[in-house]
Amino acid sequence: MEVTCLLLLALIPFHCRGQGVYAPAQAQIVHAGQACVVKEDNISERVYTIREGDTLVLQCLVTGHPRPQVRWTKTAGSASDKFQETSVFNETLRIERIARTQGGRYYCKAENGVGVPAIKSIRVDVQYLDEPMLTVHQTVSDVRGNFYQEKTVFLRCTVNSNPPARFIWKRGSDTLSHSQDNGVDIYEPLYTQGETKVLKLKNLRPQDYASYTCQVSVRNVCGIPDKAVTFRLTNTTAPPALKLSVNETLVVNPGENVTVQCLLTGGDPLPQLQWSHGPGPLPLGALAQGGTLSIPSVQARDSGYYNCTATNNVGNPAKKTVNLLVRSMKNATFQITPDVIKESENIQLGQDLKLSCHVDAVPQEKVTYQWFKNGKPARMSKRLLVTRNDPELPAVTSSLELIDLHFSDYGTYLCVASFPGAPVPDLSVEVNISSETVPPTISVPKGRAVVTVREGSPAELQCEVRGKPRPPVLWSRVDKEAALLPSGLPLEETSDGKLRLERVSRDMSGTYRCQTARYNGFNVRPREAQVQLNVQFPPEVEPGSQDVRQALGRPVLLRCSLLRGSPQRIASAVWRFKGQLLPPPPAVPGAAEAPDHSELRLDTVTRESSGSYECSVSNDVGSAACLFQVSAKAYSPEFYFDTPNPTRSHKLSKNYSYVLQWTQREPEAVDPVLNYRLSVRQLNQHNALVKAIPVRRVEKGQLLEYILTDLRVPHSYEVRLTPYTTFGAGDMASRIIHYTEPISSPNLSDNTCHFEDEKICYYMFIETSRPRELGDRARLVSPLYNASAKFYCVSFFYHMYGKHIGSLNLLVRSRNKGALDTHAWSLSGNKGNVWQQAHVPINPSGPFQIIFEGVRGSGYLGDIAIDDVTLKKGECPRKQMDPNKVVVMPGSGAPCQPLPQLWGPVATFLLALQR
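Residues numbered from 1 in each chain as written. Predicted model: local features only at pLDDT ≥ 70, side-chain atom pairs only at ≥ 80, totals over all residues. Heavy atoms only, no water.

What counts, and what does not: UniProt positions are given in the numbering used here, feature names are shortened, and annotations may be inferred rather than shown by experiment.
Per an unreviewed UniProt entry, the recorded name for the protein is MAM domain-containing glycosylphosphatidylinositol anchor protein 1, and the organism is Moschus moschiferus. Turning to the protein, the UniProt record has this under Subcellular location (unreviewed entry): "Cell membrane". The annotation that UniProt attaches to the protein under Subunit (unreviewed entry) is "Interacts heterophilically through its MAM domain with proteins in axon-rich regions and through its Ig-like domains with proteins in differentiating muscle. Interacts (through the Ig-like domains) with NLGN2."

Here it is in structure tokens:
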């Protein structure tokens, strides 16, 4: 078994004022995955370009203490500023096989409760190129003064792409342009946004009969290849033409087999035929083969419009439509209309009376009606008239009008609706007219005006209808505008006046209206009543769960509040400690009779009184509980993740050390932390090294540091840290530390790079001979450094000698908010054949790089060289070295004194020429 030994160095506390190292969140979006390119323009607009179908990977790099939580959201595009409802809570956003609809602006929001959240965004541009579509259109117009016609052909090429596609037209293998052929015109039609190009063949000539290719390209962006479509134009090219084997309206009986043929009468190339149905898809069992549509045993639900469409990309598609009507009848209703002229709502002798009969039928106009009285056909007379299509009633309605009603007109009337000669059953409705036929009244039964039920139970709302005949009752919501009934309908019909609701919910509470229908009864003003539904539900309380911390010996007040419930009152509140019932809390003087909260006071927090408290609140319908975990134990430590260069390697022993830093969360909430227990375990190993680390009083925001040594390269370790107070162990925090190749930060013993070190520096100078030109630039870029001090001083020697010397610039590239280069020092012109030293103060705000830039002058006489670059923490020396002091150049016999290296033996420089 492998034994891991660790050397744990002494704890080093850092005392800070105020909030200490607590800092608001900062964020930066970086990309990975299969991006084509990431652009940044002058206004910091970041655009991530990716090919459709590739994998999008965005990472939100955050700093701040405590460690910020990251949330990814997205807008639908430039037309919307609203976040989508779905979010991703992770530092890395990954979308497999991204689609074009997933393009838009992505936001990374980082927050840690300190200051305002940090929000960064990047626009994702999804690139794609669909297959192009080529259609052909033709116009024939008279030319005045001549005896011929001009024929013009338009070849229209359309494609969906991002970015906009470039179009290339070819006849055969030859590329076309209107500048080379007077008979050709290529243009972009209006309102197409660059997605369509038209090739116009004017006054068609024999050589115009050929194969034409439309090639579309997005210039190989994201590696998307070009695509093309070809069409052969001949003297027989023509748009499709169709005819049907049946009439455009086809009426059939249910159960019959229906066959419709769609016949091609023209079109070159040969058109493709397709059948569709509206609304909805073709019926189950329907078979479409070529131009033949077969529907076996047709039913009433199969009625609708059937479309046959022929396309060959020439002209407009040809379309023929068959309106299939399957004979059917349903919903037979009647109406009794008293004398309208006398505005009567009752049947009275000597007044007119109208009986109406209607059915919903297909086809509606083919329905016939027949009236019977007391079982015999009704005889027409001057006082008994039968009319059809009453303008005040639904279409194709039959009405029987009784003029000057007599006693002998009382009786039973029967209306029969039928389809003559069709195997469709007749529908009939019966109406009894007598002195007892009276209009309806509606009311709510006694004690049923308010219905109270519990959530999840069934409910029944009832209205009683009296009258003869009794019409159906229509139910609707009253108190909610445009609200639907639980069935999803605005109106619901019941024959017995009862509205039955299954498993009611709290949102069903409210007022419901019941009213009489104007059919299957009197055609008069509806009568209505209202019923109130109250849905009771258990209480909702806050807090649902709360962690209460307090120092030993101090009091604690626990409060459980009622948020909502029906009824909205606390009927009883019971407190328990570790499951054991507690005595009721003493009543508060002046408290309300129906309180909305319950409180429990603990005079002193002790080890014995620490534990779980539960307050169970009831409102006679149900109960809910507030849970409190009372304790004097310390909160967990908060690991500090922004330690600059925490890994330090020791190459001779193949080990590394790690700087572990943390703060203590809310140290004043409980008793002072006395020590920490540290546990370190190599991943995939069972043994762990445990050590107690004593500390003095820890303040909020105070950064604590511990250095772990003798960690083995390249293994990772789990670190657990637990605070201890007089109460005992607090909450533990854990993290995984990984070995990363350390960045050599500048320090007093490792701070210089000079020419003689062959591991890093070669001879660093700017050659100005040909092929270099005026304004050419050479750059020397350092590795990336973490800013661990406020001020730095860059010192170096420079040599600028010659007639045509250009400029030497020193820039600082800040990396905390993208790459930003700032000029820190510049010098131009001939400075003599001597080495001179410069000291340049810089104050980087975050990770930074140093850049030496040389700019070529007007000729080749003169080179620029630098040596002995030094970076030190702190301010530059006030007394500058005499610029006229001569320093012997390297290689001249007296070399410079060798100094420690600035960037370390593993660092490298990048030398690049830029135009």
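So that's the structure; there's more coming.
1. Considering the sheet that holds strand β30 (residues 368–373)
The condition is simple: The pairing criterion for strands is at least two bridges between them, as found by DSSP. Comment: elements are numbered from the N terminus, with helices defined as DSSP H or I runs of at least four residues and strands as E runs of at least two.
Strand order in the open sheet made by the four strands is β31-β30-β34-β35, with antiparallel pairing throughout. Only two strands of the sheet have a single neighbouring strand rather than two, namely β31 (376–377) and β35 (427–433). Note that strand β34 (residues 411–418) and β35 share seven bridges and pair antiparallel. Bridge assignment links T412 to a residue of β35, and that residue is N432.

2. What about the sheet that holds strand β22 (residues 258–268)?
Where we set the bar: Axis definition: a line fitted to C-alpha atoms, limited for helices to the stretch in contact. Angles are taken between N-to-C directions and run from 0 to 180 degrees.
With respect to topology, four strands assemble into an open sheet ordered β20-β22-β25-β24, the strand pairing being antiparallel. Two strands close off the open sheet at either side, each with one partner strand: β20 (238–244) and β24 (287–289). The sheet shows a mean angle of 15° between the axes of neighbouring strands, taken without regard to direction. Where β20 lies against β22, five bridges are found, and the strand directions are antiparallel. Each residue of the ladder has a partner; that of L242, found in β22, is L264.

3. Notes on the nonpolar core
Definition in use: To qualify as a nonpolar core, a set must consist of buried Ala, Val, Leu, Ile, Met, Phe, Trp, Tyr and Cys residues joined through side-chain atoms within 4.5 Å. Buried, partly exposed and exposed residues are distinguished by accessible area as a fraction of the type maximum, computed with a 1.4 Å probe on protein chains only: under 20%, between the cut-offs, and over 50%, respectively. Two residues qualify as a contact provided that any one of their heavy atoms is within 4.5 Å of a heavy atom in the partner residue.
With 30 residues, the main nonpolar core has I336, L355 and I433 as its most contacted residues. Within the residue set of this core, elements represented by two or more residues are β28 (328–337), β29 (353–362), β30, β33 (398–402), β34 and β35. Here this core gets five residues from one element, more than from any other, and that element is β29. Here I433 is in contact with I336, I347, L353, L355, Y410, G411 and Y413, once residues within four sequence places are set aside. V184, L199, C214 and V218 belong to the second largest nonpolar core, which has 26 residues in total.

4. Thoughts on the pattern of salt bridges
Oppositely charged side chains can form a pair if their charged atoms are brought close together. Here is the rule we go by: By convention in these notes, a salt bridge is any Lys or Arg side-chain nitrogen within 4 Å of a carboxyl oxygen on Asp or Glu.
Taken as a whole and assessed by the stated rule, the structure comprises 30 salt bridges. The shortest N-O distance in the salt bridge between R513 and E528 comes to 3.6 Å. Residue R513 is located in strand β43 (residues 510–516), and its partner E528 is located in strand β45 (residues 528–542); the two are separated by 15 residues in the primary sequence. Among the residues examined, R513 registers a relative accessible area of 23% and is labelled partly exposed. The class for E528 is partly exposed, based on a relative accessible area of 46%. Between R564 and E540 there is a salt bridge; the shortest N-O distance is 2.6 Å. With R564 in strand β47 (residues 556–566) and E540 in strand β45, this pair connects stretches of sequence that are 24 residues apart. For R564, a relative accessible area of 40% translates into the label partly exposed.

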